[in-house]
Amino acid sequence: MSPSEIGSIIAMQGFAGLSLFSVLLLMALGLAIIFGQMGVINMAHGEFMTIGAYTIYVFTTTAATYFPAIAPYSFLIAILGAFCIAFVAGYLAEYLLIRHLYRRPLDTLLATWGLSLGMQQIFRSTFGAKEVSPVIPEWLLGSVKPTEAIDIPINGLFVMGLTVLVTATVFLMLFKSRWGLRVRATVANRMMSDAAGIHAKEVGRLACAN
């Protein structure tokens, strides 16, 4: 194997690693906000991400079957829908369950673990035990070839771009908005934030939904 071929393999494997890192970064952002804001170890965090994944699956397959005219754009619409539905699910979980267990980290760990098991069973009963895949639009298929020996998947580039966009949005919200100021104040001192007029429970609820 020539040095150029080895370099091409390293480049493609490195890109695959960056794509996986992008997904893990999105998960870590949510966990960091929830734990930093409320001190809650959310064992159901992966299941809330799964809500988004199944939302995209339902949106794209429905569009491909019943609304083929919008099928090329259904993936982008589905991503927006996934954010909205996961937000509502997180908000309801905080309001119905987590808010009753603040300052009890072991109880929140056990409660969210039970929630994750229940959500897994709902997913299995609704969609079956087999893996499902959304309808990928044609513009996400294929690859970019910077050289003859290197193929960079377009869907991987899309994931990385979306990660950069979400990370930048979270950064701007936390450090350039009044909501972010309230979140940081609540993380620093929840009791003093309440005394200063910040509704810490509502801030935590929105952080959990995010």
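Residues numbered from 1 in each chain as written. Predicted model: local features only at pLDDT ≥ 70, side-chain atom pairs only at ≥ 80, totals over all residues. Heavy atoms only, no water.

> So what about the packing of aromatic side chains? Which residues, and what values?
Counting across every chain of the model gives 7 aromatic pairs. With 5.3 Å between their ring centres and 45° between their planes, Tyr 54 and Phe 123 make a pair best called tilted. In this pair, Tyr 54 is assigned in helix 2 (residues 45-66) and Phe 123 in helix 4 (residues 105-127), connecting sequence segments 69 residues apart. Residue Tyr 54 is classed as buried on the basis of its relative accessible area of 17%. (Phe/Tyr/Trp six-rings, centres within 6.5 Å; stacked < 30°, edge-to-face > 60°. Helix = DSSP H or I, 4+ residues; strand = E, 2+ residues; numbered from the N terminus. Buried < 20%, exposed > 50% of the residue type's maximum accessible area, 1.4 Å probe, protein only.)

> I'd like to hear about the environment of Val 23, residue by residue, with values.
Following the sequence through the fold, Val 23 ends up in helix 1 (residues 3-38). Separated by 79 residues in the primary sequence, Val 23 and Tyr 102 place their C-alpha atoms 29 Å from one another.

> Just give me the short version of the packing of helix 2 against helix 3 (residues 71-96), but keep the residues and values in it.
At a minimum axis separation of 8 Å, helix 2 and helix 3 run at an interaxial angle of 145°. Taken as a pair, helix 2 and helix 3 cross one another with a handedness that is right-handed. In terms of residue class, the contact of helix 2 with helix 3 is built from 16 nonpolar, 6 polar and no charged. (Axes fitted to C-alpha atoms, helices over the stretch in contact; angles between N-to-C directions. Left-handed = near helix turned anticlockwise from the far one by under 90°. Nonpolar A, V, L, I, M, F, W, Y, C, P; charged D, E, K, R; others polar.)

> Any details on the pattern of salt bridges? Residues and values, ideally.
Applying the stated criterion across every chain yields a total of 1 salt bridge. Across the pair Lys 145 and Asp 151 runs a salt bridge whose closest N-O atoms are separated by 3.0 Å. By relative accessible area, Lys 145 is classed as partly exposed at 43%. Judged by its relative accessible area of 33%, Asp 151 falls in the partly exposed class. (Salt bridge = Lys/Arg side-chain N within 4 Å of Asp/Glu carboxyl O.)

> Pulling in residues and values, what's your account of the packing of helix 2 against helix 4?
For the pair helix 2 and helix 4, interaxial distance at closest approach is 10 Å and the crossing angle is 20°. With respect to helix 4, the element helix 2 is oriented roughly parallel. At the point where helix 2 passes helix 4, the crossing takes the left-handed sense. When helix 2 is examined against helix 4, the residues Glu 47, Phe 48, Thr 50, Ile 51, Tyr 54, Tyr 57 and Val 58 are found in contact with a partner set consisting of Leu 115, Ser 116, Met 119, Gln 120, Phe 123 and Phe 127. Along the lines of polarity and charge, the residues of the contact of helix 2 with helix 4 split into 9 nonpolar, 3 polar and 1 charged. (Parallel < 35°, antiparallel > 145°, perpendicular 65-115°, else oblique. Contact = heavy atoms within 4.5 Å.)

Treat this as a map of the structure, not an account of what it does.
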